[in-house]
Amino acid sequence: MALALPDGFEWPVGFLWGAATAAAQIEGAAHEDGKLDSIWDHFARTPGNIAHGDTLDPAVDHYHRMPQDVQLMKGLGLDSYRFSVSWARVKPADGPVNAKGLDFYSRLVDELLENGILPWLTLYHWDMPQAVEETGGWANRDTSQRFLDYAVAVHEALGDRVGRWTTFNEPLCSSLIGYAGGEHAPGRQEPRAGLAALHHQHLAHGLAVQELRARGAEQLGITLNLTNAVPNDPSDPVDLDAARRLDALWNRAYLEPILRGAYPADFLEDVAGHRFDELVRDGDLATIHQRIDFLGVNHYHDDNVSGHPLPEGHPRGLAPTDKRTSSWFVGSEFLTSPTRNLPRTAMGWEINPHGLRHLLVRLGREYPELPPLYVTENGSAWDDVVAPDGHVHDAERVAFLERHLEAVAEAIEEGADVRGYFAWSLMDNFEWAWGYEKRFGIVYVDYVTQERIVKDSGRTFAEIAAGARTLAP
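On a predicted model such as this, the values are computed, not experimentally measured, just so you know.

Draft legend 1. Layout of the pattern of salt bridges. All told, the structure shown has 45 salt bridges when counted by the stated rule. Among the salt bridges present, the one from E350 reaches R340, with a minimum N-O distance of 2.4 Å. Of this pair, E350 sits in the loop between β9 (335-336) and α14 (353-366) while R340 sits in the loop between β9 and α14, and the two are 10 residues apart along the sequence. Relative accessible area serves as the criterion here: at 6%, E350 is assigned to the buried category. Via salt bridges that share partners, D241, R244, R245, D247, R252, D266, D270, R362 and E366 belong to a single interconnected network.

What follows is the structure, given as structure tokens:
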């Protein structure tokens, strides 16, 4: 089935077609050229944390194969490449700036620009130096200042050539799931530390936006992973309140301090038992509430939630950590229900393209102060194999991609100001706690030989992007 767009629809002029990665997931070279442990390097060495005992080295060896990977991007016709810089490579062990580490990113930026690809830089995609974690990590307020020092060092090296700056990717994961749920690095299960991490990352975002704008950066934003919290039974007050609480914790506690300079009142009530108010000092919210020029939206699936326990043995859609994280902060047991009878990816995540449309439209309607939106991650994992003809025929991912791009088009038709779409991910990679077990790439990677093969989904994405440019006025 081909892409089916609304009648008369045209993609906005300048709409960006891109793909995304993260440093820790693709670079490898975990201890080369001065780089020392990140929290994910350290976390991966603890038995049981990562599927099959996988580690981040060599990942997919992007550190050594970067020029060839940029040629892959060019062949796919990408307008933009969203990548992250490793804090642990730029300031190893929280020490001085590592010139060799910065040089890698400088060469990457030059390579992208020489090939007509817009660099879209993310400062934090979860790989804090382990040495910073050992002084408290994001639970320590001082880490906000350390992040600012790192951000300034990156901007001094790359600010003359990079125009798009994202402070944080998915702070929910690196705060609540990393410090309270324990499934992500640093693997702590301390609810109050999770809330401290949430606030201190907000503070670091505000400090960085303020300082980089003063230094001449013109396009600054943040990427949030946002969900639709769907009550399992919309007529049941218990399920309605469960959805309200999850929406407050997973969406509004991130959106509203940034966009409005205040935490949601119901969120503050939900977490009052953890003394969250003691973490927020005078002036913090003014610092956090900096103007942003874009909001990156990462969305993979909705969350169908209930405040009622499900019967023993009933299938559950949320990972145990997600459920535990939510339960700690909102005071009730959240369980996803499988009764929506939707298809699921290899991650067990629901496939519901209309959820992405609903989310993008909702954001614009509920937040008049919203800047332009970019879908900075959207994708699906499948059990990909190389066929006898040497290709990877990932029909499920092709369908997922087409239906979600249709949803983006429908959202634009309904008034959502969406200006770009980045597929997750450019390549198969180290998928955090799942190691190399889950493949999200539109490019296949043989983890033994490091051979890259463009999948059918990659070819489809390139064709859709090329067709959109052809139709643009």
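Draft legend 2. Representation of the environment of Y179 within the structure. Within the element layout of this structure, Y179 appears in helix α8 (residues 171-181). Under the relative-accessibility criterion, Y179 is labelled buried at 0%. Here the alpha-carbon distance between Y179 and A193, two residues 14 residues apart in the chain, equals 5.9 Å. Reaching out from Y179, the side chain makes a polar contact with the side chain of E133 at a distance of 2.6 Å. From its side chain, Y179 meets the backbone nitrogen of W138 in a polar contact 2.9 Å long.

Draft legend 3. Region of interest: the environment of E190. Its location among the elements puts E190 in the loop between α8 and α9 (191-214). It is 44 Å that separates the C-alpha atoms of E190 and K74, two residues lying 116 residues apart in sequence. Residue contacts for E190: discarding those within four places in its chain leaves Y179 and A180. Within the structure, the side chain of E190 is placed 3.0 Å from the side chain of R188, a separation counted as a polar contact.

Draft legend 4. Seen up close, the sheet that holds strand β2 (residues 80-84). On the basis of which strands lie adjacent, the closed barrel formed by 8 strands has the order β1-β2-β3-β4-β5-β7-β10-β11 and parallel pairing. The sheet shows a mean angle of 25° between the axes of neighbouring strands, taken without regard to direction. Across the sheet, α8 touches β3 (118-124), β4 (164-169) and β5 (219-225), and the angle it forms with β5 is around 45°.

Draft legend 5. A look at the pairing of strand β1 (residues 16-20). Across the 5 residues that make up β1, a large majority, 5, are buried. Going residue by residue along β1, you find L16, G18 and A20 tucked away on one face and W17 and A19 tucked away on the opposite face as well. By the bridge criterion, 5 bridges tie β1 to strand β11 (residues 418-424) in an arrangement that is parallel. Bridge pairing in β11 places A19 opposite A423. Sheet topology places β1 next to β2; 3 bridges connect them, and they run parallel. By the bridge assignment, G18 is partnered in β2 with S80.

Calculation notes
- Residues numbered from 1 in each chain as written.
- Predicted model: local features only at pLDDT ≥ 70, side-chain atom pairs only at ≥ 80, totals over all residues.
- Heavy atoms only, no water.
- Salt bridge = Lys/Arg side-chain N within 4 Å of Asp/Glu carboxyl O.
- Helix = DSSP H or I, 4+ residues; strand = E, 2+ residues; numbered from the N terminus.
- Buried < 20%, exposed > 50% of the residue type's maximum accessible area, 1.4 Å probe, protein only.
- Polar contact = N/O pair within 3.5 Å; in protein donor to acceptor, adjacent residues only side chain to side chain.
- Contact = heavy atoms within 4.5 Å.
- Pairing = 2+ DSSP bridges.
- Axes fitted to C-alpha atoms, helices over the stretch in contact; angles between N-to-C directions.

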